[in-house]
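# Architecture at a glance
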Amino acid sequence: TILWLRGDIPGAQVYLKDIETSPETDEKMRCDAKRSAAHIEYKQGSIVKSVERYAAVIRDAERVGYELCILKCHVGLIDAYRKLGEFELGSGAFEAIADKIGSYGGGLRGNALRGYAYLLAEKGELDVAKAQYQSALKEMMASSFGQAHCHRGLADVSVKLGLFAEAEAAFDTSLKLYDEAQKNPSLGVGLVYLGRARLALARSDHGAAIQWCRRAAELFDPQ
């Protein structure tokens, strides 16, 4: 995770492969390594491959009775299916774990709710998405990074609902939290800048929208 957050994707992949193939690795650790590899595929844009990998990890985790890993894989699938536009499959991934995540920490529940909120927002179910983000925030009180994601999502929903002042405040809060977290901030901050560009467009301020897009582009990897 540290290697990935520092931008060393190849190094993270080599490390995960070493864990996966080492004879000293137990079955649960091997499942965790494979799940992390699936997450990296998602982050790199290989969404179909990430879905295939998550499904394989779920089968392995079911075999060894590793429920926490299974639940985390389903959280990953919610995001992956959203990216593919497979909203019903994404909803199914959330529903499959909704009754089980209550036994685990707020981080897992928060991430599941956040992922589902993002999916609902893209489906156009804005009021429901807003409620889900607010529920996720309550679960993520200990994570500045998780809260930053939620406030960014709430801001995007508010733009779509025409609540521009509310969106502005949520974007401001998100930026402060990303700064506080200091955890791979360029991607999150860049997405906030893109959100601000959409807000500027909604206000018909095209000049500001262009400037926000340019600022976002400076933070994103050229690829």
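Our subject in this report is the structure included herewith. Source: prediction; values computed, not measured. (Residues numbered from 1 in each chain as written. Predicted model: local features only at pLDDT ≥ 70, side-chain atom pairs only at ≥ 80, totals over all residues. Heavy atoms only, no water.)

## Here we look at the overall build of the protein chain
Per the secondary structure count, the protein chain includes twelve helices and zero strands. Reading the secondary structure of the protein chain in the N-to-C direction produces α-α-α-α-α-α-α-α-α-α-α-α. Computed over its C-alpha atoms, the radius of gyration of the protein chain comes to 18 Å, within 12% of the 17 Å expected for a compact globule of 223 residues. Dimensions of the protein chain, computed from the C-alpha atoms along their principal axes, are close to 60 × 35 × 30 Å. In the protein chain, which comprises 223 residues, the share counted as buried stands at 43%. Across the protein chain, the fraction of contacts at a sequence separation of at least 24, relative to all contacts at a separation of at least 6, is 54%. (Helix = DSSP H or I, 4+ residues; strand = E, 2+ residues; numbered from the N terminus. Rg over C-alpha atoms; globule rule 2.2 N^0.38 Å. Buried < 20%, exposed > 50% of the residue type's maximum accessible area, 1.4 Å probe, protein only. Contact = heavy atoms within 4.5 Å.)

## Focus on the environment of Val-57
Along the polypeptide, Val-57 turns up in helix α4 (residues 47-64). With relative accessibility at 2%, the residue Val-57 sits in the buried group. Once you skip the residues sitting within four places of it in the chain, Val-57 turns out to touch Cys-31, Lys-34, Arg-35, Cys-69 and Cys-73.

## Regarding the packing of helix α7 (residues 106-123) against helix α9 (residues 144-161)
In the contact formed by α7 and α9, the axes pass within 11 Å of each other and the chain directions differ by 20°. Between α7 and α9, the interaxial angle falls into the category roughly parallel. Taken as a pair, α7 and α9 cross one another with a handedness that is left-handed. In this structure, α7 uses Arg-114, Tyr-118 and Ala-121 to contact α9, whose residues at the interface are His-149, Cys-150, Arg-152, Val-157 and Lys-160. (Axes fitted to C-alpha atoms, helices over the stretch in contact; angles between N-to-C directions. Parallel < 35°, antiparallel > 145°, perpendicular 65-115°, else oblique. Left-handed = near helix turned anticlockwise from the far one by under 90°.)

## Regarding the nonpolar core
Membership of the largest hydrophobic core comes to 40 residues, with the highest contact counts inside it found for Cys-69 and Leu-77. No other element matches the nine residues that helix α5 (residues 67-84) contributes to this core. Judged by nonpolar contacts, the second largest core, of 14 residues, contains Tyr-178, Val-189, Val-192 and Leu-199. (Core = buried A, V, L, I, M, F, W, Y, C linked by side-chain atoms within 4.5 Å.)

## A few points about the packing of aromatic side chains
Counted under the stated rule, the structure contains three aromatic pairs. Aromatic side chains Tyr-193 and Trp-212 sit 5.3 Å apart centroid to centroid with 40° between the ring planes, which places their arrangement in the tilted category. Highlighted residues: Tyr-193 in helix α11 (residues 185-202) and Trp-212 in helix α12 (residues 206-219), separated in sequence by 19 residues. Classification of Trp-212 as partly exposed rests on a relative accessible area of 21%. Its end group placed over the ring of Tyr-118, Arg-82 keeps NZ or CZ at 3.7 Å from the ring centre. A cation over an aromatic ring shows up here: Arg-215 above the ring of Tyr-193, its NZ or CZ 4.5 Å from the ring centre. (Phe/Tyr/Trp six-rings, centres within 6.5 Å; stacked < 30°, edge-to-face > 60°. Lys NZ or Arg CZ within 6 Å of the ring centre and 35° of its normal.)

## Some details on α9
With 18 residues, α9 should reach 26 Å at 1.5 Å per residue; the first-to-last C-alpha distance of 25 Å fits that figure. Among the 18 residues in α9, 15 count as buried, and that is most of the element. Gly-162 sits one or two residues past α9 and shows a positive phi near 80°. (Expected span 1.5 Å × (residues − 1).)

Keep in mind these numbers describe shape, not what the thing actually does.
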